[in-house]
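Observations on the model geometry
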Amino acid sequence: MNEKPKKLINTKGLRLDGRKPNELRSVKIDVGILPNADGSAYIEHGKNKILAGAFGPREMHPKHLQQADRMVLRCRYHMAPFSVPERKSPAPSRRENELSKVIRDALLPAVFIENYPRTGVDVFIEVLQADGGTRCASITAASLALADAGIPMRDLVVACAAGKVDNKIALDLMDIEDKIGTADVPVAYMPNLNAITLLQMDGKLSLKEFENAVEIATGGCKQIYEIQKEALKKKYEIIEQEEEVE
Ligand code: UDP
């Protein structure tokens, strides 16, 4: 077993991976990578590697779950057995069921569900590698998968957490900071509408610290939003180039 480090921020003010307290992990996103899904996205957020595939809008099954006036959005968050150091059972856990709901609730305000009565949209999220903050990275990828499926949305949803480590508010906690740190505040955000769609807090913070965490997490969301938009644009640029060649 690895020994836990005593300090998460060193004397130079840097974290275990060399980041400053207000620095994001590196984020890479690709859109439209699964030909069998209606929309898809792949995100590498730090060491997290996550795939999201969206299907629909299509006729809602089972029919008794259909809504006469709107689309039903369903999300399934799943961690692969090899995604964490200690093998995770492939069977859905209570945590995965909860995160599936949390992710769905974070995406729902962005989707024009009223445009597609009686239909269903499914978003499947597969965490291939996890290192803290997977719910946030999943929301960022799932929102792109929905957009890629052509589902009309008010805005993209982007998510990022902030928390408290070694008595300092820090952006985008990785797994070890999440586990040893004092608090974690995941935030999902619609940047154009300036609206928060998910706000959770695990741990203890003073009101001032909480407000500071929300502010820097929102700042992180704005940075990731730029990468989200670029990823979406890139897909259409590639299609355009392919059409020109034909
Ligand atoms: N984790 C793990 N095994 C599990 C579930 C989670 O090792 O069965 C790790 C994983 O790295 C995850 C982190 O714990 O990212 C934090 O999990 P949490 O429930 O706080 O959700 P997250 O921060 O990923 O949104």
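Just so we're clear, the structure is a prediction, and the values are computed from it rather than from any experiment. (Residues numbered from 1 in each chain as written. Predicted model: local features only at pLDDT ≥ 70, side-chain atom pairs only at ≥ 80, totals over all residues. Heavy atoms only, no water.)

Okay, a nonpolar patch on the surface next. On the surface, a nonpolar cluster with roughly 210 Å² of combined accessible area is contributed by L16, I176 and I180. Along the chain, I176 falls in helix α3 (residues 175–180). Of the residues examined, I176 reaches a relative accessible area of 30% and is grouped as partly exposed. (Patch = residues over 30% accessible without salt bridge, like charges linked within 9 Å, V, L, I, M, F, W, Y side chains within 5 Å. Areas by Shrake-Rupley, 256 points an atom, 1.4 Å probe, with all protein chains shown as cover. Salt bridge = Lys/Arg side-chain N within 4 Å of Asp/Glu carboxyl O. Helix = DSSP H or I, 4+ residues; strand = E, 2+ residues; numbered from the N terminus. Buried < 20%, exposed > 50% of the residue type's maximum accessible area, 1.4 Å probe, protein only.)

Here the focus is the site of the ligand. With respect to spatial proximity, 13 residues lie near the ligand, and among them R95, G132, G133, T134 and R135 are the closest. Here an oxygen atom of the ligand and a side-chain polar atom of R95 are 2.6 Å apart. A distance of 2.8 Å separates an oxygen atom of the ligand from a polar backbone atom of G132. For the shell around the ligand, the secondary-structure elements that each account for two or more residues are α2 (134–148) and α3. For the shell around the ligand, the class distribution of residues is three nonpolar, three polar and seven charged. (Near = heavy atom within 4 Å. Polar contact = N/O pair within 3.5 Å; in protein donor to acceptor, adjacent residues only side chain to side chain. Nonpolar A, V, L, I, M, F, W, Y, C, P; charged D, E, K, R; others polar.)

Let us now look at the packing of α2 against helix α4 (residues 207–245). Where α2 contacts α4, the two axes come as close as 11 Å, and the packing angle between them is 30 degrees. For the pair α2 and α4, the sense of crossing is right-handed. Packed against α2, whose contacting residues are T140, S143, L144, A147 and D148, the element α4 presents I224, Q228, L232, K235 and Y236 at the interface. Along the lines of polarity and charge, the residues of the contact of α2 with α4 split into five nonpolar, three polar and two charged. (Axes fitted to C-alpha atoms, helices over the stretch in contact; angles between N-to-C directions. Left-handed = near helix turned anticlockwise from the far one by under 90°. Contact = heavy atoms within 4.5 Å.)

Moving on, we come to the environment of T134. Structurally, T134 can be placed in helix α2. Residue T134 is classed as buried on the basis of its relative accessible area of 4%. Separated by 27 residues in sequence, T134 and A161 place their C-alpha atoms 9.9 Å apart. The residues touching T134, leaving out its near neighbours within four places in the chain, are N48, I50, Y77, R95 and V127.

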